[in-house]
Amino acid sequence: MNRLNTIKEAKRKGGIIEFGGNRINRQGFYVEPTIISNLNPEDSVVQNETFAPIVYLFEYDTFEQAINLNNSVDQGLSSALFTENIGQLFKWIGVQGSDCGIVNVNIGTSGAEIGGAFGGEKATGGGRESGSDAWKFYMRRSTITINYGKNMPLAQGIKFD
C-alpha cells in the first residue's frame, strides 16, 4: 500500500490524524511525518509495513500490554521505548521485551547506529549485516549487575554484625 493510500485507509477506519498526513509536493511519493491515533492495533493498516514516516499511537494499561502491542506485528526491524523507569528499560531490552532486531531506548527508530549490527527479525529479515556474529566485532562483553533495592547485599550471603 502506498503512503497516501495508507493514510486514507487509516482515516476510513476511524483514525485521527494528529499531525501531518499530507503529501509533500515534490517528485516521488513523499508524505509529511504523520501521527495517527484512534485505530485498533489489529487493523490491517496498522499491521502492514509502510515505508513512510507514519506512527500510530495506542493507549495501554500495563507495560506488558505495551510490549505485546509492539510485538504483535509481523515486522521487526526497529523499536523504541521512552522511559525513565530502569525496570522497564531492562525488561524492554531483554528476552521478555521488544522482539525487534534494533532495540532503542530514549531515542527514535530512525535507523541503525554506526558500528552496531544491522538487521531485523520476523518478516523484516533475519540475521545481521556482515553475518550473524557481526556484533562481536563492534561490542565488548561485560557482566552487569544491578541492585534495584535500597540495601547492599554482599556476595555469597556474607553478613557483618
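Looking at an unreviewed UniProt entry, one finds the chain named Aldehyde dehydrogenase domain-containing protein and attributed to Trichomalopsis sarcophagae. According to UniProt, the comment filed for the chain under the heading Sequence similarities (unreviewed entry) is "Belongs to the aldehyde dehydrogenase family."

Moving on, we get to the environment of Y30. Looking at the secondary structure, you find Y30 in the loop between β1 (16-19) and β2 (34-37). On a C-alpha basis, the gap between Y30 and A52 in space is 7.6 Å, while along the polypeptide they are 22 residues apart. For Y30, the residues in contact, after removing those within four places along its chain, are N22, R23 and I24.

Take the packing of aromatic side chains next. Centre-to-centre distance and the angle between the planes together describe a pair of aromatic rings. Going through the model one piece at a time under the given rule, you end up with zero aromatic pairs. When the ring centre of Y30 is taken as origin, the NZ or CZ atom of R26, which lies over that ring, is 4.3 Å away.

Let us look at the pattern of salt bridges. All told, the structure shown has three salt bridges when counted by the stated rule. The partner of K13 in a salt bridge is E9, with the nearest N and O atoms 4.0 Å apart. Overall, the relative accessible area of 18% leaves E9 in the buried class. Bridged by salt links that share partners, the residues E9, R12 and K13 form one connected network.

Tracing the backbone through its elements, the reader meets V103 in strand β5 (residues 102-105). In sequence terms V103 and W92 are eleven residues apart; their C-alpha atoms lie 8.0 Å from each other. Excluding anything up to four places from it in sequence, V103 contacts S79, W92, I93 and S98.

This brings us to the nonpolar core. Generally speaking, nonpolar side chains in soluble globular proteins are found buried as a group. Grouped together as the largest cluster of nonpolar side chains are nine residues: I7, A10, V31, I36, L39, V45, V46, I54 and Y56. Only α1 (3-12), α2 (44-47) and β3 (54-56) provide two or more residues apiece to this core. Residue contacts for L39: discarding those within four places in its chain leaves A10, K13, G14, G15, V45, V46, Y56 and F58.

Calculation criteria
- Every chain's residues receive numbers from 1 upward, in the order its sequence appears when written.
- In keeping with the predicted nature of the model, local features appear solely for residues at pLDDT of at least 70, side-chain atom pairs appear and are counted solely at 80 or more, and the whole-chain, interface and lining totals rest on all residues.
- Side-chain calculation: all heavy atoms of the structure are included, whereas hydrogens and water are not.
- UniProt positions are given in the numbering used here, feature names are shortened, and annotations may be inferred rather than shown by experiment.
- Here a helix means four or more residues in a row that DSSP labels H or I, a strand means two or more in a row labelled E, and each is numbered from the N terminus.
- Residues count as neighbours in contact if any of their non-hydrogen atoms are within 4.5 Å of one another.
- Under the pairing criterion, centres of Phe, Tyr and Trp rings, with the six-membered ring standing for Trp, must be within 6.5 Å; the plane angle then separates stacked pairs below 30 degrees from edge-to-face pairs above 60, leaving the rest tilted.
- Counting as a charge over the ring demands two things of the Lys NZ or Arg CZ atom: a distance within 6 Å of the ring centre and an angle within 35 degrees of the ring normal.
- Salt bridges are identified by distance alone: a Lys or Arg side-chain nitrogen within 4 Å of an Asp or Glu carboxyl oxygen.
- Each residue's exposure class comes from its accessible area (1.4 Å probe, protein chains only) as a fraction of the maximum for that residue type: buried when under 20%, exposed when over 50%, partly exposed otherwise.
- Definition of nonpolar core: a set of buried residues of the types Ala, Val, Leu, Ile, Met, Phe, Trp, Tyr and Cys, connected through side-chain atoms within 4.5 Å.

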